[in-house]
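# Remarks on the overall topology
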Amino acid sequence: MSPGPIVTPVSEPVYALESARNFMRNPKFVVDYSQPSIVRPQPPAAVADAAPATEGEAQGASDNQVQAGPAATVPDNTVARNVPAILPSPGFVLPPPPTVPERDPRQMLASVRPRILDCSASGILFFTRANRLHFKNLSANEEVGQICRVQESHGTFTAIACGGGLSTDAASGNHGVVAVGTSKGLVSIYNVQTKKRVVSWITKPVASLAWNNKILTVGCTSGSICHFDTRITPVEKMKEQALTVTRHQAPITCMEWNAEGDVLASADKKGNVYCWKSGDKVPLDVGEFVMRRKKIKHTAAISAVSWCPWQQKNLLTADVKGVIHFWTIDPKCKDSNALTPSRFDTNSAITGAHWSTQCKEILTTHGYKVPKNLAVPPPPPPTGPLHPAPLPPAPDVENTLAVWQFPSLRSVTKMQMNTTDVPIANSVVYSKGMKVVFAVPDQGKIHTCDVWGKKKPVNDVKIRRQSSLDYVGIIR
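Predicted model only: the values in this text are computed from it and were never measured. (Residues numbered from 1 in each chain as written. Predicted model: local features only at pLDDT ≥ 70, side-chain atom pairs only at ≥ 80, totals over all residues. Heavy atoms only, no water.)

## Some words on the overall build of the protein chain
Test applied: Working definition: helices are DSSP H or I runs of at least four residues, strands are E runs of at least two. Numbering for both runs from the N terminus. Only protein chains enter the accessibility calculation, which uses a 1.4 Å probe; a residue whose area is less than 20% of its type maximum is buried, one above 50% is exposed, and one in between is partly exposed. Throughout, a residue-residue contact means that at least one pair of heavy atoms, one from each residue, lies within 4.5 Å. Accessibility throughout is a Shrake-Rupley quantity obtained with a 1.4 Å probe, and a residue counts as covered only by protein chains that appear here.
Across its full length, the protein chain carries five helices and 30 strands. Expressed as a percentage of its 476 residues, the buried residues of the protein chain come to 44%. Partitioning the intrachain contacts of the protein chain with sequence separation of at least 6 by distance along the chain shows that 56% fall at a separation of at least 24. For the protein chain, the accessible area works out to roughly 26900 Å², and carbon and sulfur atoms hold 55% of it.

The structure is reproduced here in structure tokens:
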């Protein structure tokens with residue numbers, strides 16, 4: 001009797017002490033930014049108690065009626081002469097308009113929401129509520145404050161970005177700045193500590209913002225990218241000396257500078273990603289070969305780009321179809337810039353992605369599951385003698401916060417809202433990369449959540465307490 005096939009035992013994954021498997025907990029409610037509009041009709045008593053009109057007011061009203069009379073009164077013969085013969089009979093009633101059935105959002109491809117949520121290095125959260133910009137100190141039990149209210153002529157808020165993190169020094173009082181942009185092209189910069197406006201100007205309609213030290217990069221709905229040096233005064237001179245690059249043919253969805261501040265990654269709604277060397281007007285020649293040219297291309301709108309903090313050339317790009325690609329941005333590489341593994345499909349719309357600064361893990365936030373008729377087909381299996389092992393199947397991460405190991409892409413843990421099954425939108429990490437704050441638009445609420453523990457020195461042998469992903473709370 002021949003022996004059976006040899007089965008290789010699957011080794012258990014090893015998790016770092018700082019892993020989200022040990023520190024991720026239930027989110028805490030932080031802010032409720034929903035504003036239901038309630039129409040309050042005037043009570044009938046107010047009309048009955050109204051003061052009677054004076055004699056002059058009555059005469060004026062009578063004069064208005066007289067003036068309007070000739071324009072509204074037409075002789076009977078004129079009316080009869082101008083009435084078309086095709087008018088229906090007096091008893092004819094128009095049928096009601098056809099009702100358009102509401103489409104189930106689960107059957108549609110998710111769209112990229114405006115990034116109107118960010119957090120400063122000092123722990124100040126900035127977000128918008130209608131046409132107002134608000135803030136809340138996440139490290140103190142304070143009420144939500146208001147910074148400004150944008151006029152209707154300036155449009156609505158479409159982007160928020162906090163800067164000054166590289167030079168933030170709490171002892172010196174320099175807590176950085178926050179920049180906001182609107183759909184009509186208004187860009188304003190506010191001091192994080194004083195909450196007062198520093199400067200503002202008008203440019204093209206804003207879709208995304210990103211800081212690189214004192215340089216504010218503005219991504220526009222037209223696809224152009226402008227770099228404004230905020231140290232230049234006056235504003236007119238700053239606008240004249242701004243560097244503008246044009247390569248995208250669709251609205252910008254997200255941008256991010258790498259840790260060194262010399263390469264910018266920008267993405268658009270058509271799935272294109274370009275990497276720009278600081279000061280250059282031509283993007284770097286990186287990506288996969290498409291028609292003998294290198295491109296970083298997705299099949300759907302890009303919803304997140306993120307640079308790896310511990311391998312500074314590694315870039316993550318994700319789209320609304322739930323597909324993640326990994327790249328090494330090195331223009332000197334003559335081969336493909338795709339990493340191994342190069343592609344990972346989560347099967348649920350991705351709304352945000354963040355690398356951990358404490359261990360080799362990735363946090364992704366998700367919306368609804370991608371419909372099967374819109375999902376990206378898997379790539380063909382490799383046929384060569386030397387090829388990487390297949391990736392483990394992704395668990396169901398619809399409407400969750402999910403954490404993955406890198407580069408194995410094993411699922412570490414995931415957390416779903418306990419109240420209702422609703423998609424998660426904008427998110428940002430803070431508290432030295434150990435916590436995340438995220439918005440749930442369908443509820444009109446913002447939550448915070450512990451994700452990773454603080455990395456300790458190698459010689460520190462203290463045992464950490466064990467816990468799972470924390471569900472933290474809401475901001476009011």
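Now, onward.
## Points about the side chain of Thr 400
Looking at the secondary structure, you find Thr 400 in strand β25 (residues 400-405). Residue classification places Thr 400 among the buried positions, given a relative accessible area of 2%.

## Description of the confidence of the model for the protein chain
A low pLDDT means the predicted coordinates there should not be read in detail. As a reminder of what qualifies: Known as pLDDT, the predictor's per-residue confidence is scaled from 0 to 100.
Mean pLDDT over the protein chain stands at 81; residues scoring 70 or higher make up 75%. Of the regions scoring below 50 in pLDDT, residues 4-8 engages in zero contacts with residues more than four places distant in sequence or in other chains. Residue range residues 36-75 is modelled with pLDDT below 50. Its contacts to residues more than four positions away, or to other chains, number one contact.

## Here we look at the pattern of salt bridges
When the charged atoms of two side chains lie near each other, side chains of opposite charge can form a pair. What counts is decided by this rule: Take a side-chain nitrogen of Lys or Arg and a carboxyl oxygen of Asp or Glu: if they are within 4 Å of each other, that pair is a salt bridge.
Considering all chains together, one arrives at six salt bridges under this definition. Residues Arg 231 and Asp 229 are paired through a salt bridge, measuring 2.9 Å at the closest nitrogen-oxygen approach. Accessibility expressed as a relative area gives 56% for Arg 231, which makes it exposed. It is possible to trace a salt-bridge network through shared partners that takes in Arg 106, Glu 398 and Asp 421.

## Observations regarding empty space enclosed by the protein
We count it as follows: A pocket, in this scheme, is an open set of points on a 1 Å grid over the protein atoms alone with protein on both sides within 12 Å along at least 5 of 7 lines, while a cavity is a set where a 1.4 Å probe fits but cannot get out; residues line either one if an atom lies within 4 Å of a point. Grid points are joined across faces, edges and corners, and a volume is the space filled by probe spheres set on the points. Note on residue classes: Ala, Val, Leu, Ile, Met, Phe, Trp, Tyr, Cys and Pro are nonpolar, Asp, Glu, Lys and Arg are charged, and everything else, Gly too, is polar.
Tallied over the full model, the rule gives one cavity of 30 Å³ or more. What the largest cavity holds in volume is close to 30 Å³. A class-by-class count of the residues in the lining of the largest cavity yields four nonpolar, three polar and two charged.

## Thoughts on the pairing of strand β14 (residues 252-257)
We apply this condition: Strands pair, by our definition, only if DSSP identifies at least two bridges between them.
Burial analysis of β14 places five of its six residues in the buried class, which makes it a mostly covered element. Pairing geometry for β14 and strand β15 (residues 263-268), over five bridges, is antiparallel. The residue bridging Met 255 from the neighbouring strand is Ser 266, located in β15. Counted along the chain from β14 to the antiparallel partner β15, the turn is five residues long, and its residue Gly 261 has a positive phi close to 75 degrees.

## Things to note about the packing of aromatic side chains
For clarity, the threshold we go by: The rule is short: rings of Phe, Tyr and Trp, with Trp giving its six-membered ring, pair when the centres are within 6.5 Å, and they are stacked under 30 degrees, edge-to-face over 60, tilted in between. For a Lys NZ or an Arg CZ to count as sitting over a ring, it must be within 6 Å of the ring centre and within 35 degrees of the ring normal.
One pass over the structure, following the stated rule, counts eight aromatic pairs. An angle of 70 degrees between the planes, with centres 6.2 Å apart, marks the rings of Phe 326 and Trp 355 as edge-to-face. Taken together, the positions of Phe 326 in strand β21 (residues 323-328) and Trp 355 in strand β23 (residues 348-355) put the pair 29 residues apart, joining distant regions of the chain. The burial state of Phe 326 is the same as that of Trp 355; both residues are buried. Note that Lys 195 overlies the ring of Phe 135, its terminal NZ or CZ placed 4.6 Å from the centroid.

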